[in-house]
Amino acid sequence: MEQSHSTRNVILIALISFFIFLVMSFLPSENNEEVLLNDEKTISIQQAEESALQFLFDHYNVDVNQVETLLTFQTQKQLGGYLQKNDLVSDYNEQYGDSNPIDYFQIQVNDATQKYLVNIHMTSGNVLGWKTIDGNMNTEELQQQEIAELFLIEQGYNINNFYLLPQDENEMSNYIFESYEEGVADAKLQLHTIIEADQVISFNMTFSIPEPFVTWMEKQDNQASLMSVLMIIFNVIFGIIALIISIVLRKHISFSKGILLTLIFLAIYTITNFNMYPVNRAMFSEEGNDTAIIMMVVSIIIYALLSVILYFTSISADGIWKDRSETLWPNRKNPNYGNHVIKAMGFGYLFSFIILAVQSIFYFIGETFFDVWSVSDLTFSPYNLWMPGLMPLIAWAAAISEEIIYRWFGIPLFKKIFRSTIVAVIISSMVWAIGHMAYPIYPAYTRFFEVTIIGLIFGYIFLKFGFMTAVFAHAIVDSILFSLQLVYFDFSKYALLSLFYMVLPAIVAYIMFKFHQRFKRNYPDPPEEMS
């Protein structure tokens, strides 16, 4: 009766949470606005590439049939942040949304001798700016300035309304003209031109962001990056501790525990790493392909190391829980294993609605009362993936690795140190939250508090309903969020696939159930496990 009552309470809270999540999703929010776009339809990748190639053919006589192209999503992060911080998004879009949107496409075009970067408006397809790389400077400084000024006049700018900023000694061919008055608030309009070989090889329109804001935002990003490094250090320490524990408790450990989940984690992140190659190309668009490849190799090494850590935390925690005679992750040989999986999946969906509602309420309060805001980030754009449809797979890798390291291993480790379950859940949640601060949400500590709160919920799920329920809940939450991003990206193309990812946890649970039913031994039916 107590279990049935508890189940009814979870169902009721989940239904209320699902309603709250839907309502919150449709509430108007400054941060939900497309900072750079109007309500027009985004052009296709092919249209954007055609616009860029036509421009290069007209201006540089590039043979468009002999080039390699790559579209990436780019954003002016600091400008977007300044506008969000000062509630200037609407004013900016009205004045400059057509000529200098914050988000834009960048087409990288490579021919046999040159590399071109052409910025394209995401709805109109107009060329916003461009740059050629590997040109040869052979003109005099005075002549270069005259060429730059004449070019701006040809583009319709009144050169008398601008003044030339001091040049960097290492970039004498780079001419930046700043408007005396035109801009948004304290952000002044700037025109960047680079002159080489008697021609303009680069032109881009930007805005000078006030130095105090730039310094503040860079400090926030640096703090978030430092926390990400700290997260890696914590994981390495966990791995070393787990290795020691696995040696000490080797008689109590099943060394096969976690092998399959570790291999799934490694496989998904390997696929994701290759899928994110355009992200690295976008981040290092001017450095060349070698830098992007190096970043991919570094990522593979990091995730290979994390896989080793994942395995040892998995088996060592198995020894700890067995030593305490507690079963939060039942063995596949357990005759009730299949039923446990189905139950874990069901509660996973219920708790996912609760977590999504908590997250929605958290950000509503943050945006309304605590000046929380976010900006676009190129690392989270489906445009910067080879195959956007694979993006939601990451949900499973995140759920597996984070629930093993921070709940399955972290909670008993901290409980042994601090002699308190509550303290163990809080600290493991805080350590988990540290690694989630490198998101484009400001102030940077916002995500720390959000993820810590969610970590407390996952801690409760883990201790009350077991490891599998926590994994399913985590995978479902992330699958829903990633799938919604795919739907917003291209509804007609990804609607059905997104629906598939949302129901995939149920499919996985059913397959596990049927597999267990088919191959389990003839154990006597045990009494149903209590949650």
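Residues numbered from 1 in each chain as written. Predicted model: local features only at pLDDT ≥ 70, side-chain atom pairs only at ≥ 80, totals over all residues. Heavy atoms only, no water.

Chemist: Can you help me understand the overall build of the chain in this one?
Modeler: A count of helical and extended segments in the chain gives 15 helices and 10 strands. A principal-axis box enclosing the C-alpha atoms of the chain has dimensions of 90 × 45 × 45 Å. Counting across all 531 residues of the chain, residues that qualify as buried make up 50%. When contacts within the chain are restricted to residue pairs at least 6 apart in sequence, long-range pairs at least 24 apart make up 73% of them. (Helix = DSSP H or I, 4+ residues; strand = E, 2+ residues; numbered from the N terminus. Buried < 20%, exposed > 50% of the residue type's maximum accessible area, 1.4 Å probe, protein only. Contact = heavy atoms within 4.5 Å.)

Chemist: Would you take a moment to explain the nonpolar core for this structure?
Modeler: In this structure, Leu-83, Phe-207 and Trp-408 are the most contacted members of the largest nonpolar core, which totals 137 residues. It is helix α11 (residues 394–418) that contributes the most residues to this core, 14 residues altogether. Apart from residues no more than four positions distant in its own chain, Leu-83 is found in contact with Leu-88, Val-89, Tyr-92, Ile-102 and Val-184. (Core = buried A, V, L, I, M, F, W, Y, C linked by side-chain atoms within 4.5 Å.)

Chemist: Sorry, what's going on with the packing of helix α7 (residues 259–275) against α11 here?
Modeler: Geometry of a packed helix pair, given as the angle between the helix axes and the separation of the axes. Interaxial distance between α7 and α11 falls to 9 Å at its minimum, and their mutual angle equals 135 degrees. Put simply, α7 runs oblique to α11. In this structure, α7 meets α11 at a crossing whose hand is left-handed. Between α7 and α11, the contacting residues are Leu-261, Ile-264, Phe-265, Ile-268, Tyr-269 and Thr-272 on the first element and Ile-394, Trp-396, Ala-397, Ile-400, Ser-401 and Ile-404 on the second. Tallied by class, residues from the contact of α7 with α11 come to 10 nonpolar, 2 polar and no charged. (Axes fitted to C-alpha atoms, helices over the stretch in contact; angles between N-to-C directions. Parallel < 35°, antiparallel > 145°, perpendicular 65-115°, else oblique. Left-handed = near helix turned anticlockwise from the far one by under 90°. Nonpolar A, V, L, I, M, F, W, Y, C, P; charged D, E, K, R; others polar.)

Chemist: Sorry if this is basic, but what is going on with the pairing of strand β2 (residues 103–110) here?
Modeler: Put simply, side chains in a regular strand alternate between the two faces of the sheet. Extensive coverage of β2 is indicated by the burial of 8 of its 8 residues. Of the pairings in the sheet, the one linking strand β1 (residues 68–75) to β2 comprises 8 bridges and is antiparallel in character. Pairing of Thr-72 across the sheet is with Gln-106, part of β2. Two strands pair when backbone bridges link them, and β2 and strand β3 (residues 115–120) are joined in this way by 6 bridges, in the antiparallel orientation. Each residue of the ladder has a partner; that of Gln-106, found in β3, is Asn-119. Connecting β2 to the next strand, β3, in antiparallel fashion are 4 residues. (Pairing = 2+ DSSP bridges.)

Chemist: Mind showing me how you'd approach helix α10 (residues 337–369) here?
Modeler: Along an α-helix, residues three or four positions apart point the same way, because every turn accommodates 3.6 residues. When the terminal C-alpha atoms of α10 are compared, their 47 Å separation across 33 residues agrees well with the 48 Å that a helix rising 1.5 Å per residue should span. Asp-371, located one to two residues past α10, shows a positive phi value of around 55 degrees. (Expected span 1.5 Å × (residues − 1).)

Chemist: Mind showing me how you'd approach the confidence of the model for the chain here?
Modeler: Segments scoring low in pLDDT should not have their predicted coordinates read at a detailed level. Across the chain, the average pLDDT comes to 89, with 92% of residues at 70 or higher. Counting interchain partners and residues more than four positions distant, the pLDDT-below-50 stretch residues 30–39 has 29 contacts. Low pLDDT, under 50, characterises residues 527–531; the predicted model gives this stretch 12 contacts beyond four residues in sequence or across chains. (pLDDT = per-residue confidence, 0-100.)

Chemist: Help me understand the packing of helix α6 (residues 211–248) against helix α9 (residues 289–323) in this model?
Modeler: One can describe the packing of α6 onto α9 by two numbers: an axis separation of 8 Å at closest approach and a directional angle of 45 degrees. As summarised for this structure, α6 and α9 are arranged oblique, according to the angle between their axes. As α6 runs across α9, the sense of the crossing is left-handed. Between α6 and α9, the residues in contact are Asn-235, Val-236, Phe-238, Gly-239, Ala-242, Leu-243, Ile-245 and Ser-246 and Leu-305, Leu-306, Ile-309, Phe-312, Thr-313, Ile-315, Ser-316 and Ile-320, respectively.

Chemist: In this structure, what is going on with the environment of Ile-427? I would like to understand it.
Modeler: Among the structural elements, Ile-427 can be located in helix α12 (residues 421–434). Given a relative accessible area of 22%, Ile-427 falls into the partly exposed group.

Chemist: Could you clarify how one ought to interpret a nonpolar patch on the surface in this entry?
Modeler: Judged by side-chain polarity, Phe-19, Val-23, Leu-27, Ile-361, Phe-364, Ile-365, Phe-369 and Phe-370 come together as a nonpolar surface patch covering roughly 770 Å² of accessible area. Elements represented by at least two residues in the nonpolar patch include exactly α1 (2–26) and α10. Considering every element that reaches the nonpolar patch, the biggest residue donor is α10, with 4 residues. (Patch = residues over 30% accessible without salt bridge, like charges linked within 9 Å, V, L, I, M, F, W, Y side chains within 5 Å. Areas by Shrake-Rupley, 256 points an atom, 1.4 Å probe, with all protein chains shown as cover. Salt bridge = Lys/Arg side-chain N within 4 Å of Asp/Glu carboxyl O.)

Chemist: Would you explain the pattern of salt bridges in this entry?
Modeler: When the charged atoms of two side chains with opposite charge come close together, those side chains can pair. With the rule as written, the count across this model stands at 6 salt bridges. Salt-bridge contacts for Lys-77 lead to Asp-221; the nearest nitrogen and oxygen are separated by 3.8 Å. Of the two residues, Lys-77 is situated in helix α3 (residues 77–85) and Asp-221 in helix α6; the sequence distance between them amounts to 144 residues. Across the pair Lys-85 and Asp-371 runs a salt bridge, and its minimum N-O distance is 2.8 Å. With Lys-85 in helix α3 and Asp-371 in the loop between α10 and β9 (373–374), this residue pair connects regions lying 286 residues apart in the sequence. Counted as one network, the salt bridges with shared partners bring together Lys-77, Asp-221 and Asp-377.

Chemist: Honestly, the pairing of β3 in this entry has me stumped. Any pointers?
Modeler: Burial analysis of β3 places 6 of its 6 residues in the buried class, which makes it a mostly covered element. Burial of the side chains of β3 extends over both faces: Lys-115, Leu-117 and Asn-119 are buried on one face and Tyr-116, Val-118 and Ile-120 on the other. Strand direction decides the pairing type here: β3 and strand β4 (residues 127–133), joined by 6 bridges, are antiparallel. Residue pairing in the sheet places Leu-117 in a bridge with Lys-131 of β4. Where β3 folds back onto β4 in an antiparallel hairpin, the turn is made up of 6 residues, including Gly-125, whose phi is positive at roughly 80 degrees.

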